[in-house]
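Residue-level listing of the chains:
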Amino acid sequence: MTPLFLKILGMNWLLVLVTAVLLTIGVYSIHEATAYFENSVLNSKWYDQIKWICIGIIFFFGATLIDYNWIKWGALPAYITSIILLLSTNTELSGAESWITIAGLTFQPSQLAIISGILFLAVIFGELPNKFPIFNKSYIKILIAAPIAALPCLIILLEPDFGSSMAWIVIFMTSLLIGKVLFRYIIVIIQFGLIVLPILYFFGLKNYQKERIETWLNMLNERPVDEQGAAWVPKHNMIAIGSAGYLGKSKNNDSVTNTIYNDNTINNNSNLVTEMGFVPPNVAINDFIFVTIAERHGFRGSAILLLLFLSLLLILIYMCYSAKDMTGRMIIAGFIGLLFFHVFMNVGMCVLLVPITGLPLPFISYGGTFILMMLFMLGLCQSVWVHRNQKN
């Protein structure tokens, strides 16, 4: 058998299966959330998602079959390119100028920056200590890794994109934890972060970001909130999820009509909160896709979705443990941190566990750049697994 065929056979096919199920659920959920529209831009988003997935599959298999050691020379140029792109954003969407439009194609460079940052940190923690013994010292690792994470984090925060900037904190802390930095240094960094947190809140956040946090705290403590303003979306998210029951509203034949509406018209004959317009349609397929799933399929559907994510994380943890070197381990660990952070924050903001941050749900939410980057990183994790027995 050829080496290429052996690599294909050696893939972790359980990971492929779980990912395929998640992608299928995502496309189906996007279709459900927009099926009652006709002649609307949103009506074809599920088909666009399939096209992005097909492109992402090419990224996935390309990253899987090529030895991941290419990042030793490719991580730094990718990181520098991503910083340049972050400084070149020219399109504002959802209140943040965090997008670039080139020849009619719009993409979000912060996703590329996060992925390149994971790879660059993997090289620093995995390769430099082998060549230069001084990089085995914990404080040297911190002094190098901190500015690498801080620079794009600050640029993204100024766009402003608070959710994506927080992802850098998770990636940085995951790198320290897996990169054999002494635990006492990590404790000091956490304490320093808690000291800086109030300063960041009062001087680093925009007024609408502070309003989101204050609204979240007030709703948790059952205090009065502006239900026609900042509390509108979180309130109706909770209504949609809380009223779904065990099986969800899609199981009730009297709750969902087959009426099709033109140009984003509100469906007044439906008992679905997401169809009555209380959850904006453009975010019902993206940031609040979990609300769409939970309302239609209830606790059972939500639990199955979360179990799939748990299975994916456990498979990745096992693959991380099986990596042949620190570089591969750092790649998978960085992706695990990113994946867990996105799932926790997305589901958490839908059930009022955390403030609204606008982070998509991996493999489920609509979004071209995000799907491509997630499948690419998943392919790199597969590459670490496929080449785990190969000698350097």
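For the structure itself, look to the data block above.
Predicted model only: the values in this text are computed from it and were never measured.

Basis of the calculations
- Residues numbered from 1 in each chain as written.
- Predicted model: local features only at pLDDT ≥ 70, side-chain atom pairs only at ≥ 80, totals over all residues.
- Heavy atoms only, no water.
- Pairing = 2+ DSSP bridges.
- Helix = DSSP H or I, 4+ residues; strand = E, 2+ residues; numbered from the N terminus.
- Axes fitted to C-alpha atoms, helices over the stretch in contact; angles between N-to-C directions.
- Buried < 20%, exposed > 50% of the residue type's maximum accessible area, 1.4 Å probe, protein only.
- Lys, Arg positive; Asp, Glu negative; His and termini not counted.
- Salt bridge = Lys/Arg side-chain N within 4 Å of Asp/Glu carboxyl O.
- Contact = heavy atoms within 4.5 Å.
- Patch = residues over 30% accessible without salt bridge, like charges linked within 9 Å, V, L, I, M, F, W, Y side chains within 5 Å.
- Areas by Shrake-Rupley, 256 points an atom, 1.4 Å probe, with all protein chains shown as cover.

K.L.:
Quick one: what's the story with the sheet that holds strand S3 (residues 96-102), residue by residue and with numbers?
P.N.:
Sheet architecture is open: 3 strands sit in the order S2-S3-S4, paired in antiparallel fashion. Each edge of the sheet is formed by a strand with only one pairing partner; in this case those strands are strand S2 (91-93) and strand S4 (105-107). Neighbour-to-neighbour, the strand axes of this sheet turn through a mean angle of 45°, independent of strand direction. By the bridge criterion, 2 bridges tie S2 to S3 in an arrangement that is antiparallel. Each residue of the ladder has a partner; that of threonine 91, found in S3, is tryptophan 99.

K.L.:
Lay out the environment of valine 41 in plain terms, naming residues and giving numbers.
P.N.:
Note on placement: valine 41 falls in the loop between strand S1 (37-38) and helix H3 (45-65). With 241 residues separating them in the primary sequence, valine 41 and asparagine 282 have C-alpha atoms 9.8 Å apart.

K.L.:
Please set out the side chain of aspartate 287 residue by residue, giving values where relevant.
P.N.:
By secondary structure assignment, the location of aspartate 287 is in the loop between helix H12 (281-284) and helix H13 (289-321). Within the buried set, aspartate 287 has no salt-bridge partner at all; the shortest N-O distance to an opposite charge, 7.1 Å, is to arginine 212. Once you skip the residues sitting within four places of it in the chain, aspartate 287 turns out to touch Asn346, Met349, Cys350, Gly358, Leu359 and Pro360.

K.L.:
Account for a nonpolar patch on the surface, naming residues and giving values.
P.N.:
A contiguous nonpolar patch, built from Leu177, Phe183, Ile187, Ile190, Leu194 and Leu197 and spanning about 590 Å² of accessible area, is present on the exposed surface. Take the nonpolar patch: its biggest share by element is 5 residues, from helix H9 (residues 183-204). Along the chain, isoleucine 187 turns up in helix H9. The exposure class assigned to isoleucine 187 is partly exposed, which follows from its relative accessible area of 33%.

K.L.:
Summarise the pattern of salt bridges; cite the residues concerned and give the values.
P.N.:
Counted according to the given criterion, the structure contains 4 salt bridges. The residue lysine 72 makes a salt bridge to glutamate 127 at a minimum N-O spacing of 3.7 Å. With a gap of 55 residues between them, lysine 72 in helix H4 (residues 71-86) and glutamate 127 in the loop between helix H5 (109-126) and helix H6 (128-131) connect regions that are remote in the sequence. Of the charged contacts in the structure, one is a salt bridge between glutamate 295 and lysine 249, with a shortest N-O distance of 3.2 Å. Of this pair, glutamate 295 sits in helix H13 while lysine 249 sits in the loop between helix H11 (232-242) and strand S5 (261-262); the two residues are 46 residues apart in sequence, bridging distant segments of the chain. Take glutamate 295 and lysine 249: they sit in the same class, and that class is buried.

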